[in-house]
Amino acid sequence: MLLADIAAASEAVAAASARRDKIALLAACLRQASGTDAPVVAAWLSGRTFQRRTGLGWASLRSAPPPAVSPSLTVQMVDASLARASLLTGPGSSGERQQIVLELMTAATAPEQRLLTGLISGELRQGAAAGLIVDAVAKAAAVPLASVRRALAVHGDLPDVAAAALEGGEAALSAFQLSVGRALAPMLAAPAPELDAALAKTGPAGVEWKLDGVRVQIHRQGDEVAVFTRTLDDITARVPEVVRVVRELDVGQAILDGEVIAATASGRPAPFQVTSARVARRDVEKASAATPLSLTLFDALHVDGDDLIDRPGSGRRTRLEAAAPSLVVPRHVVEDPSEAEDVSRAQAFAADALARGHEGVVVKSLEAAYTMGRRGAGWVKVKPRITLDLVVLAAEWGHGRRTGKLSNLHLGARDPDGEYGPPGGFVMLGKTFKGLTDQMLAWQTERLQALAEREAKWVVHVRPELVVEIAFDGVQRSPRYPAGLALRFARVLAHRPDKSAAEADTITTVRGHHVVDDEAAAEAEETEQV
DNA sequence: TTCCGACAGTGGGGTCGCAAT
DNA sequence: ATTGCGACCCCACTATCGGAA
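All of these numbers come straight from a predicted model, not from anything done at the bench.

Draft legend 1. Fine view of the overall build of chain A. In terms of helices and strands, chain A carries 18 helices and 19 strands. The C-alpha radius of gyration computed for chain A amounts to 26 Å, which stays within 12% of the reference 24 Å derived for 530 residues, consistent with globular compactness. Taken along its principal axes, the extent of the C-alpha atoms in chain A is 65 × 65 × 50 Å. Considering only contacts in chain A between residues 6 or more positions apart, those separated by 24 or more positions represent 71%. Just so you have it, chain A exposes about 25000 Å², and 52% of that area is on carbon and sulfur atoms. Looking at chain A, you have 59 positive and 65 negative side-chain charges, and the mean spots of the two groups are 4 Å apart.

Have a look at this one:
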């Protein structure tokens, strides 16, 4: 099969707007992909390379040669090149990788170049990704959608599942079974603004602490333990504490779901940044000694021969408590969400979780099965939200459907005392593009252009006059912004043309929302004593 | 007919290790 | 020693389609 066939399909998919049209186009392309091509084509149509990591990215695409006139690249040739790039390492590897991209792009026609650029950058943006490919695979292989979904949920790898479906149909799909040691798509939680809204969605539920760490799925088979992240990355080697504590459990086989978080001396949870840095480190011995990890579990998908994914939440919890009594996350059960007292007790439990430094709570239906990879109504997360009035300092031109619109806003707080510049100025705390409707996007594009002071390639700097009401989850330490602080998950709630910049919040107010972790506090104390 | 679940898109901050400078 | 880059951690939110109610 030729790369040009995939490129043509991708262009057609991008041009179609109806989902069923996209699916039909994808299915037609998949049907043509036989044998060794099938898994690669499935990966590409979902916007990803077959290799999990290639070492290639935006930077390798900066100097594109003129496109070839006629197509010559085959699927196998391109996949072999990407595979070669993914294996390169050591001095000179960057140059060799660059050379591979150059060769591919030189041989590629214009549509093929667009496809390769999308795959290498990871931003194909054709209006179809893994979700629609699942539908397309079912259609192409003439098997029920549910069979493909189930196989993918327990196997986790789309190219494998697609190839099996196309080659062997339903029989091949049914061979994919939940198996200990093989990562499966974790269940996700939908957001809700308040606890009662969450309970309205779930019905009778367990309200659990939401820990601000890294999600882990742990497989134990005898003495063998494997640990996977939310994206099914294997991090076993980086979390020896987790391996150790799971080995001590009194179970032979298990698949467990939980969260790791860095422990602090005070017993309060470490900020996410600390946990994240610890889990990313490869010098495990040193890292583990300096920043030990603790494990908290909240679900069990398999215990000693029993698959639990189709059992109700309450049943899974019971099995978890029996298998790992010391590691189970604290929770409060609401038997009847229509009972006001029951709900207010849950609210007290949630308030206590926050007081202990946790991120919020997750409300989990007692009835719901473990819906792998879905963000269903079974689990609902509730986190507190902070709002401030900040000032727009600049805005960036958007991409894709936001082309021609000023999208990404640079946000600043007032700096009345001139700690970071002239008195009465502003100090930048981060950017956001979230929360904007098309109407708001149009309005701010016009308004900000009227305030424009100077324009660089992507950024329009403006007179600091437009106030925006911003919601965010918290203030974190920043190595990037001048105040050493940045907003976490900032989003726009509303433009406030009724307010003047002089009424915006100050950097002092922002600092008040910064929860300082133990280590940072100790460090600050040390430098003060010196 | 209206409502709502699932998807894709549009990007955010931080951190690490590695290769290039 | 510093810088740039890729790969992952954590994400929120809106628009759209199409099936469910």
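Draft legend 2. Representation of the protein's contact with DNA strand B in the model. Around DNA strand B, the surrounding shell holds 45 residues, and the nearest of these are Gly 90, Gly 127, Asn 408, Phe 433 and Tyr 481. Of everything in DNA strand B that lies within 4 Å of the protein, sugar and phosphate atoms constitute 87%. Gln 126 places a polar main-chain atom, nitrogen or oxygen, 3.0 Å from a phosphate oxygen of DNA strand B. Here Ser 478 contributes a side-chain N or O atom positioned 2.6 Å from a phosphate oxygen of DNA strand B. Within the residue set of the surface near DNA strand B, elements represented by two or more residues are α5 (93-107), α7 (130-141), α12 (272-280), β12 (406-415) and β17 (474-477). It is α12 that provides the largest number of residues to the surface near DNA strand B, a total of 4 residues.

Draft legend 3. Spatial organisation of the protein's contact with DNA strand C. In the neighbourhood of DNA strand C, 35 residues make up the surrounding shell, with Arg 53, Gly 55, Arg 62, Thr 231 and Arg 491 lying closest. Of all atoms in DNA strand C that approach within 4 Å of the protein, 89% are sugar or phosphate atoms. In the model, a phosphate oxygen of DNA strand C is placed 2.5 Å from a nitrogen or oxygen of the Arg 62 side chain. In the model, a phosphate oxygen of DNA strand C is placed 3.0 Å from a nitrogen or oxygen of the Asp 438 main chain. Contributions of two or more residues to the surface near DNA strand C are made by α2 (19-32) and β3 (214-221). Residues that form the surface near DNA strand C fall into these classes: 9 nonpolar, 10 polar and 16 charged.

Draft legend 4. Geometry of the domain arrangement of chain A. On domain assignment, one finds that chain A holds domain 1 (3-174), domain 2 (188-382) and domain 3 (386-529). Relative to domain 3, the C-alpha centre of domain 1 lies at a distance of 38 Å.

Draft legend 5. Local environment of α5. Between its first and last C-alpha atoms α5 spans 21 Å; for 15 residues at 1.5 Å apiece the expected length is 21 Å, and the two agree. Within α5, burial applies to Ser 93, Arg 97, Ile 100, Val 101, Leu 104 and Met 105. When α5 is viewed along its axis, its buried side chains cluster within an angular range of 125° and face the same direction. Turning to α5, the residues buried within the fold contact α4 (75-87) and α6 (110-121).

Draft legend 6. Representation of α4. Helix length check: α4 (13 residues) gives 19 Å between terminal C-alpha atoms against 18 Å at 1.5 Å per residue, within 8%. Of all the residues in α4, the buried ones are Val 75, Val 78, Asp 79, Ser 81, Leu 82 and Ala 85. What you see down the axis of α4 is that its buried residues fit within an arc of 155°, all on one side.

So, how was this worked out
- Residues numbered from 1 in each chain as written.
- Chains lettered and ligands numbered in written order.
- Predicted model: local features only at pLDDT ≥ 70, side-chain atom pairs only at ≥ 80, totals over all residues.
- Heavy atoms only, no water.
- Helix = DSSP H or I, 4+ residues; strand = E, 2+ residues; numbered from the N terminus.
- Rg over C-alpha atoms; globule rule 2.2 N^0.38 Å.
- Contact = heavy atoms within 4.5 Å.
- Areas by Shrake-Rupley, 256 points an atom, 1.4 Å probe, with all protein chains shown as cover.
- Lys, Arg positive; Asp, Glu negative; His and termini not counted.
- Charge placed at Lys NZ, Arg CZ, Asp CG, Glu CD.
- Near = heavy atom within 4 Å.
- Polar contact = N/O pair within 3.5 Å; in protein donor to acceptor, adjacent residues only side chain to side chain.
- Nonpolar A, V, L, I, M, F, W, Y, C, P; charged D, E, K, R; others polar.
- Domains from an automatic or database assignment.
- Expected span 1.5 Å × (residues − 1).
- Buried < 20%, exposed > 50% of the residue type's maximum accessible area, 1.4 Å probe, protein only.
- Arc of directions from axis to C-beta.

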